[in-house]
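Working through the structure, step by step
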Amino acid sequence: MICDAKMMSYVRFDRVKFDGATSIQARIASGQRIGSFEIRLNNPKGKLIAEFPIEYTGGWSSWKTIEANISEPVTGTHNLVVVFKSDWGSTKSVNLNWLLLK
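Residues numbered from 1 in each chain as written. Predicted model: local features only at pLDDT ≥ 70, side-chain atom pairs only at ≥ 80, totals over all residues. Heavy atoms only, no water.

You'll find the protein entered in an unreviewed UniProt entry as Endo-1,4-beta-xylanase Z, with Saccharicrinis fermentans DSM 9555 = JCM 21142 given as the organism.

In structure tokens:
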């Protein structure tokens, strides 16, 4: 679980097999409405394949599952990088519990 993600912080998941995935689900909790997080390949400035808006879920411990389409087919094994974005003054943007390729 990733808690208290701040502007432009990121987390990397190594050696993720895509195997024909066309969408990705994320389990999040957020106490704010401003921001997004991007799913990129291999590094924080790598190819953008999906983006999720951050939306208020009812609080920092109130979880919701959201889904986004993968923008183009990805094959093989890649590092998956999640880059968090929000207002520069925000102390945190979102809590991320898990990701699931579908």
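Some points on the layout of surface pockets
In this structure, the largest pocket encloses a volume near 150 Å³. Of all the secondary structure elements, the ones that give two or more residues to the lining of the largest pocket are β2 (10-17) and β8 (94-101). Per element, the largest residue contribution to the lining of the largest pocket is six residues, and it comes from β8. Across the lining of the largest pocket, the residue classes tally to ten nonpolar, one polar and no charged. (1 Å grid on protein atoms, 1.4 Å probe; cavity = no way out; pocket = protein on both sides within 12 Å on 5 of 7 lines; lining within 4 Å. Points joined across faces, edges and corners; volume = space filled by probe spheres on them. Helix = DSSP H or I, 4+ residues; strand = E, 2+ residues; numbered from the N terminus. Nonpolar A, V, L, I, M, F, W, Y, C, P; charged D, E, K, R; others polar.)

A look at the sheet that holds strand β7 (residues 77-85)
Pairing is antiparallel in the open sheet, where four strands are placed in the order β2-β7-β4-β5. Of all strands in the sheet, those bounded by a partner on one side alone are β2 and β5 (48-53). Pairs of neighbouring strands in the sheet enclose a mean axial angle of 20°, with direction left out of account. Of the pairings in the sheet, the one linking strand β4 (residues 36-41) to β7 comprises six bridges and is antiparallel in character. Its bridge partner lying in β7, F37 is registered against F84. (Pairing = 2+ DSSP bridges. Axes fitted to C-alpha atoms, helices over the stretch in contact; angles between N-to-C directions.)

Comments concerning the environment of F52
Along the polypeptide, F52 turns up in strand β5. Distance from F52 to Q25, taken between C-alpha atoms, is 9.4 Å for residues 27 residues apart in sequence. Look past the residues within four positions of F52 in its chain and what remains in contact with it is I24, Q25, A26, S36, F37, I39, I66, E67 and A68. (Contact = heavy atoms within 4.5 Å.)

A look at the side chain of E38
As for its placement among the helices and strands, E38 is situated in strand β4. Within polar-contact distance, the side chain of E38 engages the side chain of K85 at 2.9 Å. When residues no more than four places from it in sequence are discounted, the contact partners of E38 are L48, A50, E51, V81, V82, V83 and K85. (Polar contact = N/O pair within 3.5 Å; in protein donor to acceptor, adjacent residues only side chain to side chain.)

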